[in-house]
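# Overview (structure and organization)
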Amino acid sequence: MTVAPRSVLAVEDVSYRYSLRRAPVLQDFTWHCSVGERVLLLGRNGAGKSTLFRLLAGLARPTTGTVHLTSTTRATGADAARGTSGGGLPETGPDPGPGSVVRSGGRGGGARGAVALMPQTIQPLGRLLVREQVAYAGWLAGQSHGLARQRTPDALARVDLTEKADQRSSTLSGGQLRRVGLAEVLIAPAPFLLLDEPFAGLDPVQQDRLKRIVASITDRGLLVSTHQIDDVVDVVDRVTVLDQGRVRADEPLSHLPTGGERQAYVKDLFARSITDPRADDA
Amino acid sequence: MASPMVVSTGGRVAALGVGASAVRFVSAGLLVPVVVMFGTFYWWAVGLESTLETGLPSSATLAAAFSLYGSVPVMAGFAAWKARQIEVYLGGKPATRGRAASFVVLLWPVPVAGLAVFLVLLVVTMVRNGNGVDWLLLLPVVAVIPAHVLLAVVFGRGVPAVVSVPVVAITSWSWFSWAPATGGWLWWVRHLTGVPTGCCAGSTVPSVASQLGATGVAVLWIIAALLLLRGQRTVTALTATVAALGVAAAGLVPGFAWIALTHTWGAWLVVQDATAPMWPPWAAGSST
């Protein structure tokens, strides 16, 4: 599968407020993420993380600024040999193909279709079986029914849920349901995945399992929001700290060794970046 | 990480397509018996008892149409219940698919169940009594079922099922029951339910205008519901609803014109007793 390293999900000068009388949640916010990059998003409660996710997913419109997906890459390998051209996100993978701007949301357009969001709460869908729910998510993401059903086993295998495929999703445990949520975003042909608090409420075994799954996602752009830094810091390439609607820090982590040193660095960076370093709810 | 393609043990079922998923989602094992029970009750207790006349095409269709009294409220309740589940699931998820399609793809078995029950009862009635099919009566039935279901979806998706299910079921049933009882300046409303009741017997000829009016209203309700599901502004859907009533009224205008021109209760507007002379009405036994 061809990776498009220069496919960029970008937020430029975005401000967002829920109403005119309320303070903006995001202010002059500029940020970006490339395909293949894994970014950890940190911030206190109310810092604007979920709002940023909603804007990226096209579920909300920025008050000012733009959210858009840009691709400037050239096709490689088989795609280049076939001479395929851009013009949309192919169903065979996240590679948007050669070309310039693939999707530009403009003001408020977001990057819908280019982004798959795993929300904090994963809902079972009535009496549907796990594989049916994941296939429905794939269909919602724009795939045909046939293709979504065809890809479901693969998505379930990636989250170690193959043995639960024929079980009703409403009967799963919280950790299993989170993996269903992850399968739902993995089946989407979107080049960018947003994971909102994927580790919340999981026991250590499930956290470790989910961490390994997240680490295996290398072919998409990944943005993970969590308060549990230790769970994910080893599998991300960059950390962005958000505070009071602004980017306070945005630094690469690849140069740091995994483990305690990286964890300590990120925690220190977070403490230095937020307005009130005594806050302990991150 | 390379991911192996694993074929789940349910591959055979998956191969059946989205049909199996939708049937499971709507709890068809519960839906179908309840629709059959209520639909059959009204067909048997009201339809057969009050309308059936051997040899008249309209009577069999009319008798079967009475099943809608029982089946449509049940379908509306199920649709509201399941719509809430879909709405909760979809909330906060970006989707490339349209909102209306996201609901329809899982809820289509609900109206299909009601339509199937209606058709089975129609065939049973035809075989039992030797009637044919009255296509004019069939038209609004086919439109009214999805109209009620879609409006229930619109209401139910935003309201907890414990509230929405009784509300839509009672409202739907009340529409079928109240409308035929209207009189005075609202007399034309009685023809808009899609089931020509209240003034009809199995030996009557249904009015073309009333059936087209009922069909038009149902179709525009469907459009209004789809607009609301698509997230269009409420005013758009309200406009469609008002237009629905306008079309219904317009459909009846020719009837008014007929009356004005001929001072005759023409077959265009009123339901006529096929076994009696058309004029005068007190002799014909016809009614509006």
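Everything below is about the structure printed above this text.
Structure report, in brief. Each chain has its residues counted from 1, following the order in which its sequence is written. Here chains are named by letter from A upward and ligands by number from 1 upward, in the order in which they appear as written. Since the coordinates come from a predicted model, pLDDT governs what is reported: local features require at least 70, and pairs of side-chain atoms require 80 or more to be given and counted, while whole-chain, interface and lining totals use all residues. Processing note: side-chain calculations cover all non-hydrogen atoms of the structure and skip hydrogens and water entirely.

Regarding its fold elements, chain B presents 12 helices and two strands. Elements are defined by DSSP. Helices are runs of H or I of four residues or more, strands are runs of E of two residues or more, and each kind is numbered from the N terminus. Along its sequence from the N terminus, chain B presents helices and strands in the succession α-α-α-α-α-α-α-α-α-β-α-α-β-α. Classification of residues uses two cut-offs on accessible area relative to the type maximum, computed with a 1.4 Å probe and protein chains only: under 20% is buried, over 50% is exposed, and between them is partly exposed. Out of the 288 residues in chain B, the part that is buried amounts to 51%. Only heavy atoms enter the contact rule, under which two residues are in contact if any of them lie within 4.5 Å. The long-range fraction of contacts in chain B, counting pairs at least 24 apart against all pairs at least 6 apart in sequence, stands at 71%.

Attention now goes to helix α4 (residues 130-140) of chain A. For an α-helix the count is 3.6 residues per turn, leaving residues at separations of three or four pointing the same way. All names here are of chain A. Along α4, 11 of the 11 residues are buried, which leaves the element largely enclosed by surrounding structure. Within the span of α4, buried status applies to Val130, Arg131, Glu132, Gln133, Val134, Ala135, Tyr136, Ala137, Gly138, Trp139 and Leu140. Two residues or fewer past α4, Gly142 is found with a positive phi of approximately 115°.

Moving on, we get to the interface of chain B and chain A. It is common to report an interface's size as the accessible area lost on association of the parts. With 34 residues of chain B at the interface, the matching set in chain A holds 37 residues. Between chain B and chain A, a total of about 3100 Å² is buried, with carbon and sulfur atoms accounting for 61% of that surface. The term salt bridge refers to a pairing of a side-chain nitrogen on Lys or Arg with a carboxyl oxygen on Asp or Glu at a separation within 4 Å. Here chain B is connected to chain A by two salt bridges. Between Glu132(A) and Arg24(B) there is a salt bridge; the shortest N-O distance is 2.7 Å. Side-chain atoms alone can form a polar contact between residues adjacent in sequence; in general such a contact is a pair of N or O atoms within 3.5 Å, and within protein one must be able to donate a hydrogen while the other accepts it. At the boundary of chain B with chain A, the tally comes to 12 residue pairs in polar contact (both at pLDDT 80 or more). A simple way to read buried area is as the amount of 1.4 Å-probe accessible surface that goes missing from two parts once joined, with both sides added.

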